[in-house]
Structure formats: structure tokens, C-alpha cells
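# A look at the structure
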Amino acid sequence: QVQLVESGGGLVQAGGSLRLSCAASGRTFSNYAMGWFRQAPGKEREFVARISWSGGRTYYADSVKGRSTISSDNAKGTVYLQMNSLAPEDTAVYYCAAVRNSKGLTRRASDYDYWGQGTQVTVSS
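Residues numbered from 1 in each chain as written. Predicted model: local features only at pLDDT ≥ 70, side-chain atom pairs only at ≥ 80, totals over all residues. Heavy atoms only, no water.

This next bit is on the state of the cysteines. Scanning the entire structure with this criterion turns up one disulfide. With a sulfur-sulfur separation of 2.0 Å, Cys 22 is cross-linked through a disulfide to Cys 96. In this structure the cystine formed by Cys 22 and Cys 96 twists about its S-S bond by roughly -75°; its chirality is therefore left-handed. Here Cys 22 is found in strand S3 (residues 18–25), whereas its partner Cys 96 is found in strand S9 (residues 92–100), with 74 residues between them in sequence. For the pair Cys 22 and Cys 96, a shared accessibility class is recorded, and that class is buried. (Disulfide = S-S within 2.5 Å. Helix = DSSP H or I, 4+ residues; strand = E, 2+ residues; numbered from the N terminus. Buried < 20%, exposed > 50% of the residue type's maximum accessible area, 1.4 Å probe, protein only.)

Looking now at the environment of Asn 74. Within the element layout of this structure, Asn 74 appears in the loop between strand S7 (68–73) and strand S8 (78–83). Through-space distance from the C-alpha of Asn 74 to that of Gly 116 is 18 Å; in sequence the pair is 42 residues apart. Looking at Asn 74, its side chain comes within polar contact range of the main-chain oxygen of Trp 53, at 2.9 Å. (Polar contact = N/O pair within 3.5 Å; in protein donor to acceptor, adjacent residues only side chain to side chain.)

Because side chains alternate across strand S1 (residues 3–7), one face comprises the buried residues Leu 4 and Glu 6, and the other comprises Gln 3, Val 5 and Ser 7, none of which is buried. Across five bridges, S1 lies against S3 in antiparallel orientation. In the strand pairing of S3, Gln 3 is matched with Ser 25. (Pairing = 2+ DSSP bridges.)

Turning our eyes to something else, we now look at the environment of Gln 13. Here Gln 13 is to be found in strand S2 (residues 10–13). Residue classification places Gln 13 among the exposed positions, given a relative accessible area of 60%. Between the C-alpha atom of Gln 13 and that of Thr 122, which follows or precedes it by 109 residues, the distance is 8.3 Å. What Gln 13 contacts, discounting residues up to four positions off in sequence, is Val 123 and Ser 124. (Contact = heavy atoms within 4.5 Å.)

In terms of residue burial, strand S4 (residues 32–39) counts as a mostly covered element, since seven of its eight residues are buried. In this sheet, strand S5 (residues 46–52) lies alongside S4 in antiparallel orientation, the contact comprising six bridges. Across the sheet, residue Met 34 finds its bridge partner in S5, namely Ile 51. Connecting S4 to the next strand, S5, in antiparallel fashion are six residues, including Gly 42 with a positive phi near 80°.

Let's shift gears to the nonpolar core. One broad trend across soluble globular proteins is that nonpolar side chains are buried collectively. Counting residues in hydrophobic clusters, the biggest one holds 37 residues, and the most contacted among them are Leu 4, Met 34, Trp 36, Leu 81 and Tyr 94. Secondary-structure elements contributing two or more residues to this core are S3, S4, S5, S8, S9 and strand S11 (119–124). Sorting elements by how many residues they give to this core places S9 first, with six residues. (Core = buried A, V, L, I, M, F, W, Y, C linked by side-chain atoms within 4.5 Å.)

Shown next as C-alpha cells:
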């Protein structure tokens, strides 16, 4: 079992920045890669970024590439998503999720095994 708790969401003006955090716990969370997804009202949940605990390889959706950075602190069991140059279209609930390493580099939400409760990000114009 893996438990995930997000924090760091809030209200920010367009052009601003936020850093989201996801604290992971559980006996074997190191056997999982970590991802961030987001879901805007009326839209499907979409992939944002992914990082592996081992090696730290990162992957991004085109919509956030160059504006966002995913990182991890293995000692703390925490994954971060630094988001810069935020725009109103980034408004969504952001979720942290964990996927078993054996599932490969999937970006499908349905493949992820554990989810946090989500944190709201609202970008005003």
C-alpha cells in the first residue's frame, strides 16, 4: 500500500509560480514511479509529468514542458512539481499518483495504482 498526500495548491495570478508537493509513504513506494495529473472541470484527467525514484528520469506533457519541473527528494519520500509562467488554462485539481515500475512509461491515468486526494490550483487572469 502506498499513501500519497498533496499540498501546495492555491490561487495565483497569471504569470506566477507554484510548487506542489506530494508526500509518499508505504513500505515499498520506491517500487513505483510518481506522476502528476490534473483535471479541469468538465475535462478528463490528463498527464502532466512523471519521475522515477531511481535515476530520476523525467517526462512531461507538451502543455507544461519548459514551464514545469518535476523533482524528488528520496530521503523525504517527496515529489515536487514546480510550475512557472502559469496561465488560466492551468487551472485544475492536481493529483499525485504512483505507478508500479513494471508498467513502463505509461501516461494513462487508468494505469496508475495509487492516488492522492488532489490539490486545487487556480490561475486568475
